[in-house]
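An overview of the molecular structure
Residues per chain, in single letters:
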Protein chains: 2
Amino acid sequence: MTEGPGFGNTLVCLSVLIQRRYLQICADHDLTTAQAQLLCLVKDQPRGMSELGHLLSLAKPGMSGLVDRTERRGLVRRGASEHDRRACTVSSTPLGKEIGDALYADVAARLPGIVDHLSPADRQLFQELVTAVTGETVSGPCRGDDAPAR
Amino acid sequence: MTEGPGFGNTLVCLSVLIQRRYLQICADHDLTTAQAQLLCLVKDQPRGMSELGHLLSLAKPGMSGLVDRTERRGLVRRGASEHDRRACTVSSTPLGKEIGDALYADVAARLPGIVDHLSPADRQLFQELVTAVTGETVSGPCRGDDAPAR
DNA sequence: TAGTTTAGTTCGTGTCGCGAACTTACGTTT
DNA sequence: AAACGTAAGTTCGCGACACGAACTAAACTA
(Lines give C-alpha, C1' and ligand atoms only; values in the text may rest on other atoms or scores of the structure.)
Protein backbone atom coordinates (compact mmCIF):
# COMPACT_ATOMS: atom_id res chain seq x y z
CA MET A 1 0.00 0.00 0.00
CA THR A 2 2.31 2.65 -1.24
CA GLU A 3 -0.48 5.03 -2.13
CA GLY A 4 -1.34 7.95 0.05
CA PRO A 5 -4.96 8.23 1.10
CA GLY A 6 -5.63 10.92 -1.46
CA PHE A 7 -4.48 9.05 -4.51
CA GLY A 8 -7.86 7.57 -5.29
CA ASN A 9 -9.38 10.99 -5.25
CA THR A 10 -6.59 12.39 -7.35
CA LEU A 11 -7.44 9.79 -9.95
CA VAL A 12 -11.02 10.99 -9.95
CA CYS A 13 -9.78 14.52 -10.48
CA LEU A 14 -7.65 13.39 -13.38
CA SER A 15 -10.59 11.62 -14.90
CA VAL A 16 -12.76 14.69 -14.53
CA LEU A 17 -10.04 16.77 -16.13
CA ILE A 18 -9.92 14.47 -19.13
CA GLN A 19 -13.69 14.15 -19.36
CA ARG A 20 -14.23 17.88 -19.39
CA ARG A 21 -11.77 18.45 -22.17
CA TYR A 22 -13.11 15.50 -24.09
CA LEU A 23 -16.63 16.80 -23.68
CA GLN A 24 -15.57 20.13 -25.11
CA ILE A 25 -13.90 18.52 -28.11
CA CYS A 26 -16.97 16.40 -28.76
CA ALA A 27 -19.21 19.43 -28.47
CA ASP A 28 -17.06 21.25 -31.03
CA HIS A 29 -17.93 18.44 -33.43
CA ASP A 30 -21.56 18.54 -32.35
CA LEU A 31 -21.38 15.17 -30.66
CA THR A 32 -22.16 13.86 -27.23
CA THR A 33 -19.48 11.72 -25.62
CA ALA A 34 -21.65 8.65 -25.94
CA GLN A 35 -22.23 9.19 -29.64
CA ALA A 36 -18.55 10.00 -30.11
CA GLN A 37 -17.46 6.73 -28.53
CA LEU A 38 -19.92 4.81 -30.64
CA LEU A 39 -18.74 6.52 -33.78
CA CYS A 40 -15.09 5.80 -33.01
CA LEU A 41 -15.82 2.11 -32.56
CA VAL A 42 -17.75 1.89 -35.78
CA LYS A 43 -16.09 4.30 -38.15
CA ASP A 44 -13.57 1.80 -39.51
CA GLN A 45 -15.57 -1.41 -39.31
CA PRO A 46 -19.13 -2.55 -38.73
CA ARG A 47 -19.92 -4.11 -35.41
CA GLY A 48 -22.86 -5.94 -33.89
CA MET A 49 -25.05 -4.45 -31.21
CA SER A 50 -24.03 -6.90 -28.52
CA GLU A 51 -20.36 -6.45 -29.30
CA LEU A 52 -20.81 -2.70 -28.96
CA GLY A 53 -22.77 -3.13 -25.78
CA HIS A 54 -19.93 -5.12 -24.35
CA LEU A 55 -17.28 -2.64 -25.47
CA LEU A 56 -19.22 0.31 -24.08
CA SER A 57 -20.52 -1.49 -21.01
CA LEU A 58 -24.08 -0.77 -21.98
CA ALA A 59 -27.11 -2.96 -21.51
CA LYS A 60 -29.30 -3.70 -24.49
CA PRO A 61 -31.82 -0.89 -24.12
CA GLY A 62 -29.00 1.60 -23.73
CA MET A 63 -27.40 0.44 -26.95
CA SER A 64 -30.67 0.51 -28.84
CA GLY A 65 -31.34 4.06 -27.75
CA LEU A 66 -27.83 5.28 -28.48
CA VAL A 67 -27.87 3.80 -31.96
CA ASP A 68 -31.38 5.20 -32.48
CA ARG A 69 -30.29 8.73 -31.69
CA THR A 70 -27.07 8.46 -33.65
CA GLU A 71 -28.84 6.94 -36.60
CA ARG A 72 -31.40 9.73 -36.50
CA ARG A 73 -28.55 12.16 -36.98
CA GLY A 74 -27.41 10.25 -40.01
CA LEU A 75 -24.02 9.26 -38.60
CA VAL A 76 -24.60 5.56 -38.34
CA ARG A 77 -26.64 2.90 -40.04
CA ARG A 78 -28.17 -0.42 -39.09
CA GLY A 79 -27.59 -3.30 -41.44
CA ALA A 80 -28.60 -6.93 -41.50
CA SER A 81 -26.20 -9.56 -40.28
CA GLU A 82 -25.09 -12.28 -42.63
CA HIS A 83 -25.65 -15.38 -40.61
CA ASP A 84 -28.23 -14.33 -38.07
CA ARG A 85 -31.45 -12.71 -39.02
CA ARG A 86 -32.01 -11.53 -35.46
CA ALA A 87 -28.78 -9.59 -35.22
CA CYS A 88 -27.92 -6.35 -36.91
CA THR A 89 -24.64 -4.62 -37.59
CA VAL A 90 -23.92 -0.96 -37.01
CA SER A 91 -21.75 0.83 -39.53
CA SER A 92 -20.91 4.45 -40.12
CA THR A 93 -22.35 6.50 -42.93
CA PRO A 94 -19.91 8.54 -45.03
CA LEU A 95 -20.83 11.56 -42.96
CA GLY A 96 -20.28 9.62 -39.76
CA LYS A 97 -16.94 8.37 -40.96
CA GLU A 98 -15.86 11.89 -41.82
CA ILE A 99 -16.93 13.31 -38.48
CA GLY A 100 -15.46 10.37 -36.61
CA ASP A 101 -12.08 10.79 -38.28
CA ALA A 102 -12.09 14.51 -37.59
CA LEU A 103 -12.98 13.92 -33.98
CA TYR A 104 -10.28 11.34 -33.55
CA ALA A 105 -7.69 13.68 -34.98
CA ASP A 106 -8.87 16.50 -32.77
CA VAL A 107 -8.71 14.33 -29.68
CA ALA A 108 -5.16 13.36 -30.57
CA ALA A 109 -4.28 17.00 -31.09
CA ARG A 110 -5.97 18.65 -28.15
CA LEU A 111 -6.36 16.20 -25.31
CA PRO A 112 -2.65 15.88 -24.53
CA GLY A 113 -2.83 19.57 -23.68
CA ILE A 114 -3.67 18.63 -20.12
CA VAL A 115 -0.04 17.65 -19.56
CA ASP A 116 1.41 20.75 -21.15
CA HIS A 117 2.72 22.08 -17.89
CA LEU A 118 4.87 19.01 -17.36
CA SER A 119 8.49 18.87 -18.43
CA PRO A 120 9.09 17.00 -21.69
CA ALA A 121 10.75 14.17 -19.83
CA ASP A 122 7.81 13.85 -17.45
CA ARG A 123 5.37 14.00 -20.33
CA GLN A 124 7.13 11.11 -22.00
CA LEU A 125 7.17 9.15 -18.79
CA PHE A 126 3.54 9.88 -18.09
CA GLN A 127 2.54 8.78 -21.54
CA GLU A 128 4.31 5.47 -21.13
CA LEU A 129 2.76 4.83 -17.76
CA VAL A 130 -0.73 5.71 -18.91
CA THR A 131 -0.32 3.33 -21.82
CA ALA A 132 0.75 0.65 -19.41
CA VAL A 133 -2.20 1.29 -17.13
CA THR A 134 -4.82 1.21 -19.85
CA GLY A 135 -3.47 -2.13 -20.85
CA GLU A 136 -1.45 -3.14 -23.79
CA THR A 137 -4.68 -2.72 -25.70
CA VAL A 138 -3.41 -0.01 -27.98
CA SER A 139 -5.75 -1.55 -30.51
CA GLY A 140 -7.17 1.25 -32.57
CA PRO A 141 -9.59 3.63 -30.95
CA CYS A 142 -10.89 2.92 -27.55
CA ARG A 143 -11.87 -0.17 -25.76
CA GLY A 144 -13.83 -0.33 -22.63
CA ASP A 145 -13.16 -3.65 -21.07
CA ASP A 146 -13.05 -3.56 -17.37
CA ALA A 147 -13.72 -6.37 -15.02
CA PRO A 148 -16.94 -4.78 -13.77
CA ALA A 149 -16.84 -5.83 -10.14
CA ARG A 150 -14.29 -7.31 -7.92
CA MET B 1 5.11 17.17 -30.02
CA THR B 2 6.52 14.13 -28.34
CA GLU B 3 3.17 12.37 -28.14
CA GLY B 4 2.23 9.65 -30.53
CA PRO B 5 -1.08 10.09 -32.35
CA GLY B 6 -2.82 7.66 -30.07
CA PHE B 7 -2.00 9.32 -26.79
CA GLY B 8 -5.10 11.48 -26.74
CA ASN B 9 -7.23 8.43 -27.19
CA THR B 10 -5.30 6.54 -24.56
CA LEU B 11 -6.15 9.31 -22.14
CA VAL B 12 -9.81 8.87 -22.95
CA CYS B 13 -9.47 5.17 -22.25
CA LEU B 14 -7.82 5.90 -18.93
CA SER B 15 -10.60 8.27 -18.03
CA VAL B 16 -13.22 5.70 -18.93
CA LEU B 17 -11.39 3.15 -16.84
CA ILE B 18 -11.46 5.44 -13.83
CA GLN B 19 -15.03 6.54 -14.40
CA ARG B 20 -16.32 3.00 -14.58
CA ARG B 21 -14.69 2.01 -11.35
CA TYR B 22 -15.79 5.22 -9.69
CA LEU B 23 -19.33 4.65 -10.87
CA GLN B 24 -19.30 1.21 -9.31
CA ILE B 25 -18.02 2.52 -6.00
CA CYS B 26 -20.67 5.24 -5.97
CA ALA B 27 -23.36 2.71 -6.80
CA ASP B 28 -22.21 0.58 -3.87
CA HIS B 29 -22.98 3.57 -1.66
CA ASP B 30 -26.24 4.17 -3.48
CA LEU B 31 -25.01 7.39 -5.04
CA THR B 32 -24.76 8.73 -8.53
CA THR B 33 -21.42 10.23 -9.48
CA ALA B 34 -22.94 13.71 -9.59
CA GLN B 35 -24.37 13.41 -6.11
CA ALA B 36 -21.13 11.86 -4.89
CA GLN B 37 -19.09 14.80 -6.14
CA LEU B 38 -21.49 17.24 -4.58
CA LEU B 39 -21.38 15.41 -1.28
CA CYS B 40 -17.59 15.35 -1.25
CA LEU B 41 -17.43 19.09 -1.78
CA VAL B 42 -19.92 19.79 0.95
CA LYS B 43 -19.31 17.17 3.58
CA ASP B 44 -16.69 19.13 5.48
CA GLN B 45 -17.89 22.67 4.92
CA PRO B 46 -20.95 24.51 3.61
CA ARG B 47 -20.68 26.10 0.20
CA GLY B 48 -22.78 28.43 -1.87
CA MET B 49 -24.61 27.38 -4.98
CA SER B 50 -22.55 29.47 -7.35
CA GLU B 51 -19.30 28.29 -5.82
CA LEU B 52 -20.45 24.72 -6.30
CA GLY B 53 -21.56 25.45 -9.82
CA HIS B 54 -18.13 26.77 -10.56
CA LEU B 55 -16.35 23.83 -8.95
CA LEU B 56 -18.51 21.31 -10.76
CA SER B 57 -18.72 23.24 -14.02
CA LEU B 58 -22.47 23.29 -13.85
CA ALA B 59 -24.81 26.05 -14.92
CA LYS B 60 -27.38 27.31 -12.50
CA PRO B 61 -30.28 25.05 -13.46
CA GLY B 62 -28.02 22.04 -13.25
CA MET B 63 -26.96 22.95 -9.74
CA SER B 64 -30.50 23.59 -8.61
CA GLY B 65 -31.62 20.23 -9.88
CA LEU B 66 -28.68 18.35 -8.42
CA VAL B 67 -29.16 19.91 -5.00
CA ASP B 68 -32.91 19.26 -5.28
CA ARG B 69 -32.41 15.58 -5.86
CA THR B 70 -29.71 15.22 -3.25
CA GLU B 71 -31.73 17.16 -0.70
CA ARG B 72 -34.73 14.97 -1.42
CA ARG B 73 -32.61 12.00 -0.36
CA GLY B 74 -31.77 13.73 2.87
CA LEU B 75 -28.04 13.94 2.25
CA VAL B 76 -27.76 17.67 1.94
CA ARG B 77 -29.53 20.76 3.18
CA ARG B 78 -30.10 24.29 1.97
CA GLY B 79 -29.44 27.05 4.45
CA ALA B 80 -29.67 30.80 4.36
CA SER B 81 -26.58 32.84 3.75
CA GLU B 82 -25.41 35.32 6.34
CA HIS B 83 -24.87 38.42 4.33
CA ASP B 84 -27.02 37.87 1.28
CA ARG B 85 -30.65 36.99 1.47
CA ARG B 86 -30.66 35.86 -2.16
CA ALA B 87 -27.95 33.30 -1.73
CA CYS B 88 -28.16 29.98 0.03
CA THR B 89 -25.53 27.62 1.34
CA VAL B 90 -25.48 23.89 0.87
CA SER B 91 -24.31 21.75 3.76
CA SER B 92 -24.39 18.05 4.47
CA THR B 93 -26.78 16.42 6.86
CA PRO B 94 -25.31 13.99 9.41
CA LEU B 95 -26.39 11.16 7.12
CA GLY B 96 -24.77 12.86 4.16
CA LYS B 97 -21.58 13.43 6.07
CA GLU B 98 -21.46 9.81 7.09
CA ILE B 99 -22.06 8.53 3.57
CA GLY B 100 -19.64 11.04 2.12
CA ASP B 101 -16.87 9.98 4.46
CA ALA B 102 -17.50 6.33 3.74
CA LEU B 103 -17.46 6.99 0.02
CA TYR B 104 -14.25 8.95 0.24
CA ALA B 105 -12.58 6.16 2.14
CA ASP B 106 -13.81 3.58 -0.32
CA VAL B 107 -12.53 5.60 -3.26
CA ALA B 108 -9.15 5.83 -1.61
CA ALA B 109 -9.17 2.11 -0.98
CA ARG B 110 -10.48 0.76 -4.25
CA LEU B 111 -9.74 3.18 -7.07
CA PRO B 112 -5.98 2.69 -7.02
CA GLY B 113 -6.72 -0.89 -7.98
CA ILE B 114 -6.55 0.13 -11.59
CA VAL B 115 -2.76 0.32 -11.33
CA ASP B 116 -2.36 -2.96 -9.55
CA HIS B 117 -0.65 -4.59 -12.46
CA LEU B 118 2.14 -2.05 -12.44
CA SER B 119 5.37 -2.63 -10.61
CA PRO B 120 5.63 -0.86 -7.25
CA ALA B 121 8.20 1.54 -8.65
CA ASP B 122 5.98 2.40 -11.60
CA ARG B 123 3.01 2.81 -9.32
CA GLN B 124 4.90 5.29 -7.23
CA LEU B 125 6.03 7.15 -10.33
CA PHE B 126 2.57 7.17 -11.80
CA GLN B 127 1.10 8.53 -8.63
CA GLU B 128 3.54 11.40 -8.58
CA LEU B 129 2.93 12.26 -12.19
CA VAL B 130 -0.83 12.15 -11.84
CA THR B 131 -0.60 14.44 -8.87
CA ALA B 132 1.50 16.80 -10.92
CA VAL B 133 -0.94 16.73 -13.79
CA THR B 134 -4.04 17.39 -11.72
CA GLY B 135 -2.29 20.44 -10.42
CA GLU B 136 -0.81 21.15 -7.08
CA THR B 137 -4.40 21.40 -5.95
CA VAL B 138 -4.19 18.58 -3.49
CA SER B 139 -6.68 20.61 -1.49
CA GLY B 140 -9.02 18.20 0.14
CA PRO B 141 -11.46 16.32 -2.02
CA CYS B 142 -11.83 17.20 -5.59
CA ARG B 143 -11.77 20.37 -7.47
CA GLY B 144 -12.97 20.82 -10.95
CA ASP B 145 -11.30 23.91 -12.26
CA ASP B 146 -10.46 23.70 -15.86
CA ALA B 147 -10.13 26.52 -18.26
CA PRO B 148 -13.25 25.56 -20.19
CA ALA B 149 -11.96 26.42 -23.63
CA ARG B 150 -8.66 25.74 -25.25
C1' DT C 1 -35.48 56.42 -6.64
C1' DA C 2 -34.76 54.10 -10.89
C1' DG C 3 -31.84 50.91 -13.34
C1' DT C 4 -28.65 47.21 -13.43
C1' DT C 5 -26.45 43.21 -11.88
C1' DT C 6 -26.44 38.83 -9.22
C1' DA C 7 -28.41 34.45 -6.89
C1' DG C 8 -31.48 30.93 -7.50
C1' DT C 9 -35.65 28.84 -9.26
C1' DT C 10 -38.93 27.04 -12.65
C1' DC C 11 -40.17 25.23 -17.10
C1' DG C 12 -39.61 22.79 -21.19
C1' DT C 13 -36.49 19.97 -23.83
C1' DG C 14 -33.15 16.41 -24.98
C1' DT C 15 -29.62 12.89 -23.85
C1' DC C 16 -28.61 8.95 -21.34
C1' DG C 17 -29.24 4.38 -19.45
C1' DC C 18 -31.71 1.06 -16.57
C1' DG C 19 -35.34 -3.01 -15.61
C1' DA C 20 -39.27 -5.39 -17.31
C1' DA C 21 -41.79 -7.25 -20.85
C1' DC C 22 -41.96 -8.51 -25.53
C1' DT C 23 -40.89 -10.36 -30.48
C1' DT C 24 -38.31 -12.90 -33.51
C1' DA C 25 -35.04 -16.17 -34.71
C1' DC C 26 -31.66 -19.75 -33.58
C1' DG C 27 -30.38 -24.32 -31.73
C1' DT C 28 -31.32 -28.33 -29.49
C1' DT C 29 -34.10 -32.07 -27.97
C1' DT C 30 -37.19 -35.38 -28.08
C1' DA D 1 -41.33 -32.24 -37.22
C1' DA D 2 -42.90 -30.00 -32.99
C1' DA D 3 -41.50 -28.09 -28.68
C1' DC D 4 -38.48 -26.01 -25.71
C1' DG D 5 -35.00 -22.95 -24.03
C1' DT D 6 -31.94 -19.34 -25.27
C1' DA D 7 -30.02 -15.24 -27.55
C1' DA D 8 -30.53 -10.54 -30.21
C1' DG D 9 -32.96 -6.42 -30.33
C1' DT D 10 -36.85 -3.48 -29.48
C1' DT D 11 -40.29 -0.96 -26.85
C1' DC D 12 -42.07 1.14 -22.73
C1' DG D 13 -41.88 3.62 -18.55
C1' DC D 14 -38.93 5.54 -15.40
C1' DG D 15 -35.44 8.55 -13.20
C1' DA D 16 -31.04 11.17 -13.36
C1' DC D 17 -28.77 14.76 -15.56
C1' DA D 18 -28.02 19.30 -17.54
C1' DC D 19 -29.01 22.97 -20.77
C1' DG D 20 -31.34 27.68 -22.46
C1' DA D 21 -34.93 30.85 -21.63
C1' DA D 22 -37.73 33.22 -18.71
C1' DC D 23 -38.63 34.58 -14.15
C1' DT D 24 -38.38 36.44 -8.97
C1' DA D 25 -36.13 38.64 -5.47
C1' DA D 26 -32.46 40.84 -3.37
C1' DA D 27 -28.26 43.70 -3.75
C1' DC D 28 -25.73 47.30 -5.74
C1' DT D 29 -25.17 51.74 -8.36
C1' DA D 30 -26.02 56.02 -10.14
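Anything mentioned here points back to the structure above.
Described in the following lines is the structure provided in the data block. (Residues numbered from 1 in each chain as written. Chains lettered and ligands numbered in written order. Predicted model: local features only at pLDDT ≥ 70, side-chain atom pairs only at ≥ 80, totals over all residues. Heavy atoms only, no water.)

Describing the protein's contact with DNA strand C
Convention followed: Here, proximity means that at least one heavy atom of the residue falls within 4 Å of the molecule or strand. Any N or O atom pair separated by 3.5 Å or less is treated as a polar contact, with the protein-specific requirement of one donor-capable and one acceptor-capable atom, and with residues adjacent in sequence counted only for side-chain atom pairs. Working definition: helices are DSSP H or I runs of at least four residues, strands are E runs of at least two. Numbering for both runs from the N terminus. Residues are grouped as follows: Ala, Val, Leu, Ile, Met, Phe, Trp, Tyr, Cys and Pro are nonpolar; Asp, Glu, Lys and Arg are charged; all remaining types, including Gly, are polar.
Not every one of the 22 residues close to DNA strand C is listed here, only the nearest: Thr32(A), Arg69(A), Ser64(B), Arg78(B) and Arg86(B). Here the atoms of DNA strand C within 4 Å of the protein split so that 61% fall in sugar or phosphate, with bases taking the remainder. Within the backbone of Ser50(B), one N or O atom sits 3.0 Å away from a phosphate oxygen of DNA strand C. Secondary-structure elements contributing two or more residues to the surface near DNA strand C are α2 (33-42) and α4 (60-72) of chain A together with α3 (49-56) and α4 (60-72) of chain B. It is α4(A) that contributes the most residues to the surface near DNA strand C, four residues altogether. Considering only residue class, the surface near DNA strand C consists of nine nonpolar, six polar and seven charged.

Structural notes on the packing of α2(A) against helix α5 (residues 94-110) of chain A
Residues and elements named next belong to chain A. Formally: All axes here are fitted lines through C-alpha atoms, helices being fitted over the stretch that makes contact, and every angle between N-to-C directions spans 0 to 180 degrees. Oblique is the label for any angle not under 35 degrees, not over 145, and not in the 65 to 115 range, which are roughly parallel, roughly antiparallel and roughly perpendicular in turn. Two residues qualify as a contact provided that any one of their heavy atoms is within 4.5 Å of a heavy atom in the partner residue.
It is at 9 Å that the axes of α2 and α5 come closest, and there the two elements cross at 105 degrees. Taken as axis vectors, α2 and α5 run roughly perpendicular relative to one another. Between α2 and α5, the contacting residues are Ala-36, Leu-39 and Cys-40 on the first element and Gly-96, Ile-99, Gly-100 and Leu-103 on the second. Of the residues in the contact of α2 with α5, the class split is five nonpolar, two polar and no charged.

Digging into the protein's contact with DNA strand D
Near DNA strand D there are 22 residues, and of these Ser64(A), Arg78(A), Arg86(A), Thr32(B) and Arg69(B) occur at the shortest range. Between Arg86(B) and DNA strand D, the recorded distance is 3.5 Å, taken from a side-chain N or O atom to a base nitrogen. Among the elements of the structure, α3 (49-56) and α4 of chain A together with α2 (33-42) and α4 of chain B are those that each provide at least two residues to the surface near DNA strand D. With four residues, α4(B) is the largest single contributor of residues to the surface near DNA strand D. Classifying every residue of the surface near DNA strand D gives nine nonpolar, six polar and seven charged.

Observations regarding the packing of aromatic side chains
Just so we agree on the cut-off: For Phe, Tyr and Trp, where Trp contributes only its six-membered ring, two rings pair if their centres lie within 6.5 Å, and the inter-plane angle classes them as stacked under 30 degrees, edge-to-face over 60, or tilted in between. Each residue's exposure class comes from its accessible area (1.4 Å probe, protein chains only) as a fraction of the maximum for that residue type: buried when under 20%, exposed when over 50%, partly exposed otherwise. Both a distance and an angle decide whether a charge sits over a ring: NZ of Lys or CZ of Arg must be within 6 Å of the ring centre and within 35 degrees of the ring normal.
Within the structure shown, the criterion is met by one aromatic pair over all chains. Relative to Phe126(B), the ring of Phe126(A) has its centre 6.3 Å away and its plane inclined at 5 degrees; by these criteria the two rings are stacked. Linking Phe126(A) in helix α6 (residues 120-133) with Phe126(B) in helix α6 (residues 120-133), this pair reaches from one chain into another. The pair formed by Phe126(A) and Phe126(B) is uniform in burial state, with each residue classed as buried. Looking at Lys43(A), its charged tip hangs above the ring of Tyr104(A), at a distance of 5.2 Å from the centre.

Digging into the pattern of salt bridges
All names here are of chain A. Put simply, the test is: Here a salt bridge means any side-chain nitrogen of Lys or Arg lying within 4 Å of a carboxyl oxygen belonging to Asp or Glu.
Under the criterion given, the structure shown has 20 salt bridges over all chains. A salt bridge links Arg-110 to Asp-28; the shortest N-O distance between them is 3.0 Å. Here Arg-110 is found in helix α5, whereas its partner Asp-28 is found in helix α1 (residues 7-28), with 82 residues between them in sequence. Overall, the relative accessible area of 16% leaves Arg-110 in the buried class. The partner of Asp-84 in a salt bridge is Arg-86, with the nearest N and O atoms 2.9 Å apart. According to the relative accessible area criterion, Asp-84 is partly exposed, its value standing at 24%. For Arg-86, a relative accessible area of 76% translates into the label exposed.

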